[in-house]
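Each chain, written out:
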Amino acid sequence: MKKNYFKDLEKFVDNSYQSNLCFPDEKLIFNAFKLTPFNSVKVVLIGQDPYHQVNQAEGLCFSVSPNTTIPPSLRNIFKEINDDLNFDIPFNGSLKGWASQGVLLLNTVLTVTENSPESHKNRGWELFTDTIIKYISKKRNNIVFLLWGNYSIKKEKIIDTSKHLILKSGHPSPLSANKGKWFGNKHFSKTNIYLKEHNIEPINWRVF
């Protein structure tokens, strides 16, 4: 955070939040790291950038604030969990319960301007989050990395595949999922099988 690129990023983010409505709320920008400390990470789920409409983003990829309409991609995630693990599809889209169990819900870009997806990309966030992914890969063992969609799959090259499990599939967005690239990947049961094989407490994927 003391590096020049990050100082430039901070200025950009500060200016953006002062001049526009941006998400998530400033106090939630680093929420993923607060809820899933380094030593508790079991799974890394890599997203792109936050939801860009009011009352959605809470600093966790794919997750939305409670009492918010569940977006299509997250609904497809819940459908896959229902098919994979036979859990009921929830009415609540907050994934804080996953984060508290060790699922790092990491967007590669941590801020966005209202109604402007990808508006904060190429400003330095990617360098910051890539460094975090590399650090987890280097310093930890037997982490499950969930890479959904081409954007996330590109991160495979910075992960040590010899000591971690990488599960790849299409993105859960309707466009990809309806082409047969998402449904049936069974990533949730596969994750838990791997964790159990390495004597790591599995994730309860049920959302309440």
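Residues numbered from 1 in each chain as written. Predicted model: local features only at pLDDT ≥ 70, side-chain atom pairs only at ≥ 80, totals over all residues. Heavy atoms only, no water.

## Concerning the environment of Leu60
Within the secondary structure layout, Leu60 lies in the loop between strand 2 (43–47) and helix 3 (72–85). Along the sequence, Leu60 and Leu105 sit 45 residues apart, while their C-alpha atoms lie 5.0 Å from each other. The residues touching Leu60, leaving out its near neighbours within four places in the chain, are Asn31, Ala32, Leu35, Leu95, Lys96, Leu105 and Asn107. (Helix = DSSP H or I, 4+ residues; strand = E, 2+ residues; numbered from the N terminus. Contact = heavy atoms within 4.5 Å.)

## Observations regarding the environment of Ile193
Relative to the helices and strands, Ile193 resides in helix 8 (residues 187–197). A relative accessible area of 49% places Ile193 in the partly exposed class. Placed 147 residues apart in sequence, Ile193 and Ile46 show a C-alpha to C-alpha distance of 20 Å. (Buried < 20%, exposed > 50% of the residue type's maximum accessible area, 1.4 Å probe, protein only.)

## Some thoughts on the packing of helix 1 (residues 4–19) against helix 5 (residues 125–139)
Running from N to C, helix 1 and helix 5 point in directions that differ by 125 degrees, and their axes come no closer than 9 Å. In this view, helix 1 runs oblique relative to helix 5, as classed from their interaxial angle. Listed contacts from helix 5 to Tyr5, Phe6, Leu9 and Val13 of helix 1 are Trp125, Leu127 and Phe128. For the contact of helix 1 with helix 5, the residue count by class is seven nonpolar, no polar and no charged. (Axes fitted to C-alpha atoms, helices over the stretch in contact; angles between N-to-C directions. Parallel < 35°, antiparallel > 145°, perpendicular 65-115°, else oblique. Nonpolar A, V, L, I, M, F, W, Y, C, P; charged D, E, K, R; others polar.)

## Some thoughts on the packing of aromatic side chains
Scanning the entire structure with this criterion turns up 15 aromatic pairs. Note on Phe62 and Trp148: the rings are 5.6 Å apart at their centroids and 55 degrees apart in plane angle, and the pair reads as tilted. One end of the pair, Phe62, is in the loop between strand 2 and helix 3; the other, Trp148, is in strand 5 (residues 144–148), and 86 residues separate them in sequence. Each member of the pair, Phe62 together with Trp148, is buried. Here the guanidinium or amino end of Arg140 rests over the ring plane of Phe38, the centre of that ring lying 5.8 Å away. The ring of Phe87 carries Arg206 above its face, with NZ or CZ at 3.9 Å from the centroid. (Phe/Tyr/Trp six-rings, centres within 6.5 Å; stacked < 30°, edge-to-face > 60°. Lys NZ or Arg CZ within 6 Å of the ring centre and 35° of its normal.)

## Digging into unusual backbone geometry
Trans is the common state for peptide bonds, and a negative phi is the common state for residues other than glycine. In this chain, Phe23 is followed by Pro24 through a cis amide linkage whose omega measures -5 degrees. Positionally, Pro24 belongs in the loop between strand 1 (22–23) and helix 2 (31–35). Even without being glycine, Asn55 reaches a positive phi, approximately 65 degrees. Counting through the fold element by element, Asn55 comes out in the loop between strand 2 and helix 3.

## Comments concerning the sheet that holds strand 3 (residues 103–107)
Here we have four strands laid out as an open sheet, ordered 3-2-5-6, and parallel in their pairing. The open sheet is flanked by strand 3 and strand 6 (165–169), the only strands paired with a single partner. Between one strand and the next, the sheet's axes are offset by a mean angle of 20 degrees, whatever the strand orientation. Bridge analysis of strand 2 against strand 5 gives four bridges, and the strand direction is parallel. Within strand 5, the position partnered with Val43 by the bridge is Val144. (Pairing = 2+ DSSP bridges.)

## Examining the pattern of salt bridges
Applying the stated criterion across every chain, the model contains five salt bridges. With a closest N to O distance of 2.7 Å, Asp130 and Lys155 form a salt bridge. Here Asp130, found in helix 5, pairs with Lys155, found in the loop between helix 6 (150–153) and strand 6; they are 25 residues apart in sequence, far enough to count as distant. Given the relative accessible area of 19%, Asp130 is considered buried. In this structure, Glu156 engages Lys168 in a salt bridge whose closest nitrogen and oxygen atoms are separated by 3.0 Å. With Glu156 in the loop between helix 6 and strand 6 and Lys168 in strand 6, this pair connects stretches of sequence that are 12 residues apart. What makes Glu156 partly exposed here is its relative accessible area of 25%. A relative accessible area of 42% places Lys168 in the partly exposed class. (Salt bridge = Lys/Arg side-chain N within 4 Å of Asp/Glu carboxyl O.)

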